[in-house]
Amino acid sequence: MINIKKSTPPPACLENEKEKASGNYRCGDVLERTRKDFLNKCYICELGFPTTVNVEHFVPHKGDKNLKFDWNNLFWSCGHCNNTKIDRYENILNCTNPEHDVMNWIEYELKPFPTTTIEVHAIPDQKNNPLVQNTVRLLKDVYNGTTTLKKLEAENLRTLLLNECTDFQEQLERYYNCEHEEDKALLYRIITKHLSKDSPFTAFKRWVIKQNPVFLRDFGNSFD
Ligand SMILES: [Zn+2]
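These figures come from a predicted structure and were not determined experimentally.

## A word on the packing of aromatic side chains
Per the stated rule, a full pass over the model turns up 13 aromatic pairs. Residues F38 and F75 carry aromatic rings whose centres are separated by 5.2 Å and whose planes lie at 45 degrees to one another, so their mutual orientation is tilted. Of this pair, F38 sits in the loop between α2 (30-37) and β1 (53-57) while F75 is found in strand β2 (residues 74-78), placing the two residues 37 residues apart along the sequence. Take F38 and F75: they sit in the same class, and that class is buried. Plain terms: the ring middles of F58 and F75 are 4.6 Å apart, the flat faces sit at 15 degrees to each other, and that makes the pair stacked.

Right under this line is the structure:
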């Protein structure tokens, strides 16, 4: 999970739809703008270019029109995460709230061997923060699956995560073994692109950098 900034002002159609008996919160350019604001990534699992998407109510509206048509309550999530979260994980960290440091308060790690496993846990000084605890619980369920079908979806998700992180690690290895200035500069750009917010699974890759003093020295200032 990474922090996202929602665009302003809210789409004008939301206020109009709110007044109708059966208004549509997916009106006007709501879908396009939500996709753009969230960098075309699921805000929960960080899958890029998801093929099944839900515009999710971050706080379930439960019939409350103010929540249902609130632009700041509309988030972009993949079908897997949306179905996992539905009504069961309230009070999680809000990635659009700049005071919630979603990337740094939770440690994200992919362990490739002997099977691909995902470690997600609160950093020591956030262990007692209930928002962090709830978010960690949701992320663990998303990456591991909660039902027979969701376990299979989670396995596919972990494969995509493994492919992305393997490529990232290979580029790092190439960079540190490279002796040609031009090639090294190109690899530097590829690695910083991997670390940008619009890249898939950014939090996992940034934690690889954060945990190695040399990587941190060379790439720590490229986090956007
Ligand atoms: Zn997702």
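## A closer look at the coordination of the zinc ion
In a perfect tetrahedron of four donors around a metal, the angles come out at 109.5 degrees. In a perfect octahedron of six, they are 90 or 180 degrees. Those donors, C42 (SG), C45 (SG), C78 (SG) and C81 (SG), are the protein atoms that reach the zinc ion, and they lie 2.3 Å from it. Taken together, the four donor atoms surrounding the zinc ion define angles of 105 to 114 degrees at the centre, an arrangement classified as tetrahedral. Sequence positions of the residues that donate to the zinc ion give the spacing C-x2-C-x32-C-x2-C. Here C81 lies in helix α4 (residues 79-85) and C42 lies in the loop between α2 and β1, a separation of 39 residues in the sequence. Its relative accessible area of 0% is what places C81 among the buried residues.

## Quick word on the domain arrangement of the chain
Frequently, the measure chosen for interface size is the accessible area removed from exposure when the parts meet. Taken domain by domain, the chain consists of domain 1 (13-85) and domain 2 (106-222). When each unit is reduced to the centre of its C-alpha atoms, the spacing between domain 1 and domain 2 is 26 Å. Between domain 1 and domain 2, the contact holds 12 residues from the first and 18 residues from the second. For the pair domain 1 and domain 2, the summed buried area comes to about 1,200 Å², and 68% of that belongs to carbon and sulfur atoms.

## Digging into the pairing of β2
Across the five residues that make up β2, a large majority, five, are buried. Alternating residues of β2 divide into L74, W76 and C78 and F75 and S77, and every residue in both groups is buried. As judged from the five bridges shared by β1 and β2, these two strands associate in the antiparallel manner. Note that in β2 the partner of V55 across the bridge is W76.

## A closer look at unusual backbone geometry
The omega angle of the peptide bond from T8 to P9 is -10 degrees, so this bond is cis rather than trans. Looking at the element boundaries, P9 is found in the segment before α1 (13-19). Non-glycine residue L39 carries a positive phi angle of around 60 degrees. If you trace the backbone, L39 turns up in the loop between α2 and β1. The backbone phi angle of K62 is positive, close to 45 degrees, even though this residue is not glycine.

## Points about the pattern of salt bridges
For the coordinates displayed, the defined rule picks out nine salt bridges. We note a salt bridge from K41 to E46, for which the minimum N-O separation is 2.6 Å. For the residue pair K41 and E46, the accessibility class agrees, reading buried in each case. Of the charged contacts, one joins E56 and K85 as a salt bridge, the two residues approaching to 2.8 Å between their closest N and O atoms. Of this pair, E56 sits in strand β1 while K85 sits in helix α4, and the two are 29 residues apart along the sequence. The same class applies to E56 as to K85, namely buried.

Reading guide: rules and limits
- Residues numbered from 1 in each chain as written.
- Predicted model: local features only at pLDDT ≥ 70, side-chain atom pairs only at ≥ 80, totals over all residues.
- Heavy atoms only, no water.
- Phe/Tyr/Trp six-rings, centres within 6.5 Å; stacked < 30°, edge-to-face > 60°.
- Helix = DSSP H or I, 4+ residues; strand = E, 2+ residues; numbered from the N terminus.
- Buried < 20%, exposed > 50% of the residue type's maximum accessible area, 1.4 Å probe, protein only.
- Donors = N, O, S within 2.8 Å, 3.2 Å for Na, K, Ca; no water.
- Tetrahedral: all angles 85-135°; square planar, octahedral: opposite > 155°, others 65-115°.
- Domains from an automatic or database assignment.
- Contact = heavy atoms within 4.5 Å.
- Buried area = accessible area lost by both parts, 1.4 Å probe.
- Pairing = 2+ DSSP bridges.
- Salt bridge = Lys/Arg side-chain N within 4 Å of Asp/Glu carboxyl O.

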